[in-house]
Each structure stands twice: as C-alpha cells, then as structure tokens.
Amino acid sequence: MSKIVFIGGGNMASCLIGGMIANGMASEKILVSEPGTEARQKLSELHGIETTADNRAAAGQAMLLVLAVKPQIMAAVAKDLATALEHKPAVVSIAAGIPLAALENWLGSEIALVRAMPNTPALIKSGATGLYANSLLNDQQKQLVDQLFESVGYACWVEHEALIDAVIAVSGSGPAYFFLILEAMQKIGQELGLPEQTAEALSLHTALGASRMALESNATAAELRQQVTSPGGTTQSAINSFEQQGLENTFRQAMISAVNRAEQMSEDFTS
C-alpha cells in the first residue's frame, strides 16, 4: 500500500508517469494495470515500471489510485475495484464528465476522491489541470496529487465541483480552440500568398511567442494587446474587424456550450 497505481496505461497515464519519474519519483513506486500485453511491455520498457493485468491486485497496493480509463467503462472498472479499496487510498479520476457522486456510488462513500481535468499539452509537460476533491482528502494525499499533476505542467484546485465544468471549457477543451485558430491563420496566410510552410511556421511561432509573453509578463492579456496595437495601424484594423464580427460573443457561446455538454455528461452518469 505504498505505490502510485494507475488503472489504464494510455497516453495520459504514460505522460503522468514520465513526469513523476523525471521529477525524482522512483520507478519502483509506480505500478500500472493495463489489459493490453503490448501496452504493458511498452510502458515497462519506456519507464522501467512494474505492470500487471490484474486491476484488483494493483489497487490493493495503492496509496494513490489513478483511474485513467475511458468514461464509457469507468463504472464497470470502479465497481470491480470497490472491495479492493478497504485500505482507503486516495482515488483520482481523470475521466471527463464523471461526477464525484457517481464515483462514490461505485467505490463507496468513505474514499477520498479527486476529479482531475488535465489537457493534452500535458503530453509535452505543458499541461493545465483543474482539480477538485471531496472532504476526505487529507493534506498528505493532496500534496501527492499536486506532485502528480505539477510534474506535467500547471495545476490548480477549484472550490466547487461545478467549476470543473468551467475548467473543461477553458483548459480541457481549450487546446482545440487554439488549434482551430492556427488552422484558420495558416489557411488564410496561404490565401494571401504565403507558401504553406511559411504560413504554418509564422503562425506557430507567433502563438508560441504570444503565450510566452503572456506567461512571463506581469501585464494582463488586455494590456499586452493594447501594447501591440498602434492606433490606426494594421493590428488595430484587424482587432476592429474581430470586434465587429462579435469574436468575444462567439467564444462565450462556444464555451457555454462546452459547459452545457459537460453538465449533460454528468447527469448521464448519475441518472
């Protein structure tokens, strides 16, 4: 009962494992239960960790149990694990849309539970994760959860479970918004005469530079935008066009739509 145990060995689990080991966690402290033989072999070779196909045996060794399976099979996996958690490890779910009420129903109401919403940039150690826990999580367990998700980027806790849906709308789904913007910029850059590779490289490096400026500056995003927007210049003309087309309202509607879908998914798992 001293291991960090992952149920499911997919990309996000592998990423979290790699981040923890890179930050000094001994590989002997990590165990993954994964049904696929090839996946187990790959994880073992990549990270030097122990793997198994026995979920219950693995869970019995956990001080922290990370449920890294798809939402569609979470109920079956969790119900099967319930009687293997008599030692009451903290349990973290990284499955979108599954509320704590459902996890408590499947695992028991006396388990410290955490909902985590990481995003795909965690795969390159640049993730953003929102976290929420029930009242049973103690300080030592919380510190371990922080260590887990901070190993692959930024992590923060929210005060109410409903705010996890807002996290989904901002950072969980957020990378796709930026990819969509990049896709449009690259396409229109080509329409304006730039070679494909040039349009791609310019847009990617611009996104990287803007993100780094925002992260490393004490100025707000609004202040940074104002600093690079000369009155009467080309940027001002573009910004005016965005505002006239209602860009902010388009984003608002899209993000509210993401929240509504997350709420719908939660209801599906508790109904």
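Let us look at the structure shown here.

Definitions and limits used
- Residues numbered from 1 in each chain as written.
- Predicted model: local features only at pLDDT ≥ 70, side-chain atom pairs only at ≥ 80, totals over all residues.
- Heavy atoms only, no water.
- Helix = DSSP H or I, 4+ residues; strand = E, 2+ residues; numbered from the N terminus.
- Buried < 20%, exposed > 50% of the residue type's maximum accessible area, 1.4 Å probe, protein only.
- Areas by Shrake-Rupley, 256 points an atom, 1.4 Å probe, with all protein chains shown as cover.
- Lys, Arg positive; Asp, Glu negative; His and termini not counted.
- Charge placed at Lys NZ, Arg CZ, Asp CG, Glu CD.
- Pairing = 2+ DSSP bridges.
- Right-handed = clockwise from strand over helix to strand, strands pointing away.
- Axes fitted to C-alpha atoms, helices over the stretch in contact; angles between N-to-C directions.
- Disulfide = S-S within 2.5 Å.
- 1 Å grid on protein atoms, 1.4 Å probe; cavity = no way out; pocket = protein on both sides within 12 Å on 5 of 7 lines; lining within 4 Å.
- Points joined across faces, edges and corners; volume = space filled by probe spheres on them.
- Nonpolar A, V, L, I, M, F, W, Y, C, P; charged D, E, K, R; others polar.
- Phe/Tyr/Trp six-rings, centres within 6.5 Å; stacked < 30°, edge-to-face > 60°.
- Lys NZ or Arg CZ within 6 Å of the ring centre and 35° of its normal.

**Some details on the overall build of the chain**
Link 1 in the chain: Looking only at helices and strands, the chain has twelve helices and eight strands in total.
Link 2 in the chain: The burial tally for the chain puts 39% of its 271 residues in the buried class.
Link 3 in the chain: Counting only carbon and sulfur atoms, one obtains 54% of the accessible surface of the chain, whose full area is about 15,100 Å².
Link 4 in the chain: Put simply, the chain has 16 plus and 27 minus side-chain charges, and the middle of one group is 3 Å from the middle of the other.

**Here's the deal with the pairing of strand β5 (residues 90-93)**
Link 1 in the chain: Residues Ala90 and Val92 line one face of β5 and the alternating positions Val91 and Ser93 line the opposite face, and both faces are buried.
Link 2 in the chain: In this structure, strand β4 (residues 62-67) lies alongside β5, joined through four bridges in parallel fashion. Bridge assignment links valine 66 to a residue of β5, and that residue is valine 92.
Link 3 in the chain: Read as a crossover between parallel neighbours, the route from β4 over helix α4 (residues 71-81) to β5 is right-handed.
Link 4 in the chain: Following the backbone out of β5, through helix α5 (residues 100-107) and into the adjacent parallel strand β6 (residues 113-117), one traces a crossover that is right-handed.

**Some details on the sheet that holds strand β1 (residues 3-7)**
Strand pairing in a sheet relies on backbone hydrogen bonds, with the paired strands running either antiparallel or parallel.
Link 1 in the chain: Taken together, the eight strands give an open sheet; going across it, the order is β3-β2-β1-β4-β5-β6-β7-β8, and neighbouring strands pair in mixed fashion. Each edge of the open sheet carries a strand with a single partner, namely β3 (50-52) and β8 (153-157). For this sheet the average axis-to-axis angle between neighbouring strands, irrespective of direction, equals 20°.
Link 2 in the chain: Across three bridges, β5 lies against β6 in parallel orientation.

**Thoughts on the state of the cysteines**
Link 1 in the chain: Taken as a whole and assessed by the stated rule, the structure comprises zero disulfides.
Link 2 in the chain: Cysteine 156 supplies the cysteine sulfur nearest to cysteine 15, a cysteine that is in no disulfide, at a spacing of 17 Å.

**Description of the layout of surface pockets**
Link 1 in the chain: For the second largest pocket, the calculated volume is near 700 Å³.
Link 2 in the chain: Lining the second largest pocket are 29 residues, and of these Met12, Ala68, Val69, Lys70 and Ile94 lie nearest its centre.
Link 3 in the chain: Breaking the lining of the second largest pocket down by element, the ones donating at least two residues are α1 (11-22), α4 and α8 (174-191).
Link 4 in the chain: Broken down by class, the residue content of the lining of the second largest pocket amounts to 17 nonpolar, ten polar and two charged.

**Brief notes about the pairing of β4**
Link 1 in the chain: For β4, the tally of buried residues reaches five of six residues, placing the bulk of the element in the interior.
Link 2 in the chain: Pairing of β1 with β4, which is carried by five bridges, proceeds in the parallel orientation. Bridge pairing in β4 places isoleucine 7 opposite leucine 67.

**Some details on the packing of aromatic side chains**
Link 1 in the chain: In total, this model carries two aromatic pairs according to the counting rule given.
Link 2 in the chain: Aromatic side chains tryptophan 106 and phenylalanine 269 sit 6.4 Å apart centroid to centroid with 80° between the ring planes, which places their arrangement in the edge-to-face category. Linking tryptophan 106 in helix α5 with phenylalanine 269 in helix α12 (residues 247-270), this pair joins segments that are 163 residues apart in sequence.
Link 3 in the chain: Judged by its relative accessible area of 25%, phenylalanine 269 falls in the partly exposed class.
Link 4 in the chain: Look at tyrosine 177 and phenylalanine 251: their rings are 6.3 Å apart centre to centre, the planes differ by 85°, and that puts the pair in the edge-to-face class. You can see tyrosine 177 sitting in helix α8 and its partner phenylalanine 251 sitting in helix α12, a full 74 residues away along the chain.
Link 5 in the chain: With relative accessibility at 18%, the residue tyrosine 177 sits in the buried group.
Link 6 in the chain: When its relative accessible area of 30% is taken as the criterion, phenylalanine 251 is described as partly exposed.
Link 7 in the chain: Of note, lysine 142 hangs over the ring of tryptophan 157, and the distance from its end group to the ring centre comes to 5.1 Å.

Function-wise, these values are silent; they only describe arrangement.
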